[in-house]
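Examination of the molecular architecture
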Amino acid sequence: MKAAILTDTTKCIGCSECVLACKKVNHLKEDVPRRWDTDDGLSARNWTSVIGEPDNKFVRKQCRHCLEPACVSACPVGAMHKTELGPVIYDSSKCIGCRYCMMACPFGIPRYEWSTIVPYVRKCILCYETRLKHGQQPACTEACPTKATIFGDRDELLAEAQQRIRNNPGKYLNRVWGEHEVGGTSVLYISDMDLSFLAYGEHFGDKPLTQTTRVAMEAVPFTFLGVGMAMSGLYWIIHRRMKLQTEQASEDTEHQASPEE
Amino acid sequence: MERVARLKLVLWMFVGLAAAVATARFLFGLGATTHLSDGTPWGLWVGFDVMGGVALAAGGFVITATVYIFNLEKYHSIVRPAVLTAFLGYAAVVVGLLFDLGLPWHIWHMMIYWNPHSPLFEVGWCVMLYLTVLTLEFFPVPAEDFSALARVRRFLIKFRIPLVILGIALSTLHQSSLGSLFLIMPYRLFPLWYSPILPVLFFVSAVGLGLLMVIFESHFTAYLYRRKPETHLMTPLGVAARWVLILYVVLRFGDLTVRGQLHDLLGGQGQVKLFWVEMALMIVIPLILLFTPQFRDRTNWQWATAAIGVSGIVLNRIDVGGLADLSRGTRLYIPEWTEIVVSLGIVAAATLVFLVTIEHFRVWERRPADPNADPRKLPEFNKVGLTWLGTPVIAGRVKYSLAFVIAAGVGFLLLGNPRAASRGVEPTPVHRARGNVMYLKTGLVNDQKPTGTAVDGEEGVLYLDADLTGYGVTFYHQREVERNGGEKSCVLCHHMNMPRDRDSGCYECHRDMYLPTDAFRHDWHASPTGANLACVECHAPGYARTSEHVKPCMDCHKHLVPAGATIKIKTYMAPSYVDAMHELCIGCHAKVALKENKPEIARCVECHKGKLNYADAQNLLYRRRALAGRLVVLPPATPANHSEGK
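Conventions adopted
- Residues numbered from 1 in each chain as written.
- Chains lettered and ligands numbered in written order.
- Predicted model: local features only at pLDDT ≥ 70, side-chain atom pairs only at ≥ 80, totals over all residues.
- Heavy atoms only, no water.
- Helix = DSSP H or I, 4+ residues; strand = E, 2+ residues; numbered from the N terminus.
- Contact = heavy atoms within 4.5 Å.
- Areas by Shrake-Rupley, 256 points an atom, 1.4 Å probe, with all protein chains shown as cover.
- Buried < 20%, exposed > 50% of the residue type's maximum accessible area, 1.4 Å probe, protein only.
- Buried area = accessible area lost by both parts, 1.4 Å probe.
- Salt bridge = Lys/Arg side-chain N within 4 Å of Asp/Glu carboxyl O.
- Polar contact = N/O pair within 3.5 Å; in protein donor to acceptor, adjacent residues only side chain to side chain.
- Pairing = 2+ DSSP bridges.
- Axes fitted to C-alpha atoms, helices over the stretch in contact; angles between N-to-C directions.
- Phe/Tyr/Trp six-rings, centres within 6.5 Å; stacked < 30°, edge-to-face > 60°.
- Lys NZ or Arg CZ within 6 Å of the ring centre and 35° of its normal.
- Core = buried A, V, L, I, M, F, W, Y, C linked by side-chain atoms within 4.5 Å.
- Patch = residues over 30% accessible without salt bridge, like charges linked within 9 Å, V, L, I, M, F, W, Y side chains within 5 Å.
- Disulfide = S-S within 2.5 Å.
- Expected span 1.5 Å × (residues − 1).
- Lys, Arg positive; Asp, Glu negative; His and termini not counted.
- Charge placed at Lys NZ, Arg CZ, Asp CG, Glu CD.
- Parallel < 35°, antiparallel > 145°, perpendicular 65-115°, else oblique.
- Left-handed = near helix turned anticlockwise from the far one by under 90°.
- Nonpolar A, V, L, I, M, F, W, Y, C, P; charged D, E, K, R; others polar.

Secondary structure assignment for chain B yields 23 helices and eight strands. Within chain B, residue pairs in contact and separated by at least 24 positions form 67% of the contacts whose partners lie at least 6 positions apart. Of the roughly 33,600 Å² that chain B leaves accessible, carbon and sulfur atoms contribute 65%.

Counting its regular elements, chain A contains six helices and nine strands. The buried share of chain A, reckoned over its 261 residues, is 56%. Considering only intrachain contacts with a sequence separation of at least 6, the fraction spanning at least 24 residues in chain A is 58%. Split by element, the accessible area of chain A, about 11,800 Å² in all, is 54% carbon and sulfur.

Between chain B and chain A, the residue contacts involve 82 residues of the former and 76 residues of the latter. A combined buried area of about 7,100 Å² lies between chain B and chain A, and 63% of that area is made up of carbon and sulfur atoms. The interface formed by chain B and chain A includes one salt bridge. Note that A:R99 and B:D100 form a salt bridge whose closest N and O atoms lie 2.8 Å from each other. Counting across the interface, chain B meets chain A through 19 residue pairs in polar contact (both at pLDDT 80 or more). Put simply, the parts of the chain that give the side of chain B that touches chain A at least two residues each are α1 (2-28), α2 (30-33), α4 (59-69), α6 (109-112), α7 (119-138) and α10 (160-180) of chain B. Examining the composition of the side of chain B that touches chain A, we find that nine residues originate from one element, α10(B), more than from any other.

Right, let's talk about the sheet that holds strand β8 (residues 149-153) of chain A for a bit. Residues and elements named next belong to chain A. The strand order β8-β1-β9 describes an open sheet built from three strands, whose pairing is mixed. Strands with a single pairing partner mark the edges of an open sheet, and in this sheet they are β8 and β9 (187-190). Across the sheet, the mean angle from the axis of one strand to that of its neighbour is 25°, orientation sign disregarded. With respect to the sheet, helix α5 (residues 154-167) is in contact with β1 (3-8), β8 and β9, its orientation differing from that of β8 by roughly 130°.

By the element assignment, B:L414 lies in helix α17 (residues 392-415). For the pair B:L414 and B:W337, spaced 77 residues apart in the sequence, the C-alpha separation amounts to 10.0 Å.

So, about the packing of aromatic side chains. Residues and elements named next belong to chain B. Enumeration over the complete set of coordinates arrives at 22 aromatic pairs over all chains. Between Y223 and W303, the aromatic rings sit 5.5 Å apart at their centres with planes inclined by 50°, giving tilted as the arrangement. With Y223 in helix α11 (residues 198-224) and W303 in helix α15 (residues 299-323), this pair connects stretches of sequence that are 80 residues apart. Seen from the ring of Y223, R3 lies directly overhead, with NZ or CZ sitting 3.9 Å from the centre. Sitting over the face of the ring of F291, R242 holds its NZ or CZ atom 4.3 Å from the ring centroid.

Residue and element names in this part refer to chain B. Note on placement: L287 falls in helix α13 (residues 270-291). When its relative accessible area of 14% is taken as the criterion, L287 is described as buried. Along the sequence, L287 and G309 sit 22 residues apart, while their C-alpha atoms lie 9.0 Å from each other. Apart from the residues within four sequence positions on either side, L287 is in contact with R242, L245 and I246.

What follows deals with the nonpolar core. Formed by 187 residues in total, the largest nonpolar core has its most connected members in A:M80, A:Y100, B:F182 and B:L237. Among the elements that line this core, the one with the most residues is α11(B), at 13 residues. Grouped together as the second largest cluster of nonpolar side chains are 11 residues, A:L6, A:I150, A:Y172 and A:V176 included.

On to the pattern of salt bridges. Residue and element names in this part refer to chain A. One pass over the full model with this rule turns up 17 salt bridges over all chains. Residues D8 and R164 are paired through a salt bridge, measuring 3.0 Å at the closest nitrogen-oxygen approach. One end of the pair, D8, is in strand β1; the other, R164, is in helix α5, with 156 residues separating them in the sequence. Of the two residues examined, D8 and R164, each falls in the buried class.

Looking now at a nonpolar patch on the surface. Together, B:L402, B:I406, B:V410 and B:L414 make up an exposed nonpolar region whose accessible area comes to about 370 Å². Assignment of secondary structure puts B:V410 in helix α17.

All names here are of chain A. The element strand β3 (residues 57-61) is extensively covered by neighbouring structure, given that four of its five residues are classed as buried. Pairing between strand β2 (residues 49-53) and β3: five bridges, direction antiparallel. In the sheet register, E53 faces β3, and the bridge partner there is K57. Linking β2 back to β3 in an antiparallel pair, the connection comprises three residues, with D55 at a positive phi of about 65°.

Before going further, it helps to examine unusual backbone geometry. Even without glycine at this site, A:H27 takes up a positive phi of about 55°. Along the chain, the position of A:H27 falls in the loop between α1 (17-25) and β2. Here the phi dihedral of B:R226 falls at roughly 50°; this positive angle occurs in a residue that is not glycine. With respect to the secondary-structure elements, B:R226 resides in the loop between α11 and α12 (231-258). Take B:R226: its relative accessible area is 56%, and that puts it in the exposed class.

So, about the side chain of A:R164. Owing to a relative accessible area of 12%, A:R164 belongs among the buried residues under this scheme. With sequence-adjacent residues up to four places away left out, A:R164 is seen in contact with A:L6, A:D8, A:K11, A:I150, A:Y172 and A:I190.

So, on to the state of the cysteines. All names here are of chain B. Scanning all chains against the criterion turns up zero disulfides over all chains. Not engaged in a disulfide, the cysteine C535 finds its nearest cysteine sulfur in C538; these two sulfurs lie 9.1 Å apart. A residue is classified by how much of its surface remains accessible, and C535, at 45% relative accessible area, is partly exposed.

Attention now goes to α7(B). All names here are of chain B. Between its first and last C-alpha atoms α7 spans 28 Å; for 20 residues at 1.5 Å apiece the expected length is 28 Å, and the two agree. Where burial is concerned, most of α7 is hidden: 14 out of the 20 residues are buried. A distance of 3.1 Å separates the backbone nitrogen of L120 from a side-chain oxygen at the start of α7, and that oxygen is part of S118.

Residues and elements named next belong to chain A. On the surface, a cluster of negative charge is made up of E247, E251, D252 and E254. Along the polypeptide, D252 turns up in helix α6 (residues 210-260). The exposure class of D252 is partly exposed, given its relative accessible area of 35%.

As a further point, take helix α3 (residues 44-56) of chain B. Residue and element names in this part refer to chain B. If you check α3, its first and last C-alpha atoms are just 15 Å apart, much less than what 13 residues at 1.5 Å a residue would give, namely 18 Å. A large share of α3 lies buried, amounting to 12 of its 13 residues. Looking at α3, one finds that the buried residues are L44, W45, V46, G47, F48, D49, V50, M51, G52, G53, V54 and A55.

We now examine the packing of α12(B) against α13(B). Residue and element names in this part refer to chain B. Interhelical geometry of α12 versus α13 gives an angle of 140° and a closest axis separation of 10 Å. Judged on the interaxial angle alone, α13 and α12 are oblique. Classified by chirality, the crossing of α13 by α12 is left-handed. Touching G238, R242, L245, I246, Y248, V249, R252, F253 and L256 of α12 are F275, E278, M279, M282, I283, P286, L287, L290 and F291, all from α13. Residues belonging to the contact of α12 with α13 are distributed by class as follows: 14 nonpolar, one polar and three charged.

The next thing to look at is the side chain of B:S177. On the secondary structure map, B:S177 appears in helix α10. Non-local contacts of B:S177, meaning those with residues more than four positions away in its chain, are made with B:P119, B:E122 and B:V123.

Structure follows, in structure tokens:
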């Protein structure tokens, strides 16, 4: 099973029960509006948030748990980890606090505890430790009163999403957000409005972001050896030439010197 | 040596300021001392200290390659300063990194936890290895002065060529990998900077920067120590830098053309302007100067060219590192003064080490003579303090210490306590409540009519939005009057009792609505001028001295809770006003809702009608956002009791 969440924004009433359930399960303290927060409601103490859009529409924002996560590939010490079950989890004991995961995430999900002197990265981990491991579903999907956000297997949810779109012509935009973007995500959305505002880019490609750095990283050993060998070769050639030149020069001087004597 | 002494004085001042900020950084954390945020997690410390520092150190590998690999012996005299600059540059990078990392004491995790997919992993290892190589490359210089180290020195010199080649290979990787870092964020970096060939661009510009930095450093130290400038030697370096810059500009604009981003160059965004400033400093001005012989061959112009080019390329690194970031948030990242001070302080410290090293070791053929060290010089007299400062050497030290201490003091004064202690809670800007008329039927807010008067058949309500966030609270004035007992109830709200005071808002008193209030003054209780209590008089001996193991306030303050009162004192932190107001209303509403089976009276919408309108939602039972752990479960709303509420 690949754990996944499907959020149907047409069913969301914006009650924020998911946010409260998340806070309770993860023992997150009350949120205080702070200088370094962005306007989407996510913060180190809010791992999910409900964004209000015009016309009484609401979108729940949370970590997308990408199938090929940029944060996992970016973390230099491997503190971010994609589990077999699906969630991307975080090991605070490894973290060095470089915040590269925050820069790498195309959805801008990971948040930082800026106010503390021992700060960690915070984001949704799909209740991996507390619930998912024990066969329970995440707190947010359980708390949703309208079943706007549901938990299940990714393939099944994908089929469900497509069926909902088919069965209700005109109700949804014909697209499942998270099916293909950046290689696919575990958190899927269907909606009657454009949800590209949830990410940095307007138009995400389907290629996983990890491929962008893979090219550069795979070139590293070859660059290292190539430059090393090129430099050694150059050194050898230039020095041999210099040596020959000096020998030649000394021979020449000997030749020139001898007749005069 | 006037110039050096004056420069050192300034440098010590920067180090002092940075020391003050460093204290705050490690006491209060990143949030209190930087303008970084969840929207822009990287800023000046990554862009300038780390990426700029590495780029500035590029002179080391460029010059060692020139001399040892390409065998251009005439540059031998500048190898040592170039390697020293590179070494100090990398050391500065490590120091800068310690400031920027959230958990700097975990920096060694790079060595034991590996993630070979991460460009930052490569960067980390390159810094470690290249710093080691640079140490080994430079070590023979100070070792000259100690006969005990002669064997080590001979051994290191034997391995010089392999070390140089290793250094070049590592630098190539490292300079380019700083560009690779940003490959993973194509949607985040502004398109004018993001490019799949970012690593190549970074490497090429680093070579150019290395050459320019060597020119700058040579002329700068020549000016400082009144040496003969090495103009003839620097001219070919400038020519080489010219070709590197041309290669760079071809690559960069070629890349823009191939990616079809040329139209971005005409945009009006701040980033486009930034791009042109960068291009002017990095390419246009240096190239014009380097292509004109009368500028290229003159000492002062060489110096200026190098300074402009260096600042341009460093600006490029800062842009990529944070300024050209497409932040999702509304706020733009502009470095906080503390960030700038730390960056300058690190550079100042590295420069000081550089100056001390060239004064004490044979970095140049001839060590610069320090006239202050001349034993025949007279002691210095301070006319202001009417004191003797001792020999010039001692007097110099006194002045530097004084500069450091005063600057650190100024730094602490500038830091100020409230900002650091506020932990990122911004003082809520409060304004007079705007009494706009809102027509509930249409849901429109009429900004043109400032005060609320009832319009035919429709109830006029006040739309209170004191912090101007756009999230307001609707206030039914007439309903409040009726509920509170007619005209006599005015004083319940309009209680400030000032002349002509008609509508004093919550904000008039509660200016810190979101801050928790400390109801208990601990310092006052402990201080000799206050209650003068010993710790054990409240905290039970043998337990941790926290609020958990403390005796209740009522043990001393017998009259704190009147007899028969139902209020319980649980914690010593009173909730914020916002929380307090919510609890006052919501608690009672929830109870009554349950008792009377009228779920709608407990809805958030009763008060908050600014942007969110819950009223139409069918399955809505009882929703409240502010307080966790007080959920009330109600029977599902039937159409009957739904209409009853209306």
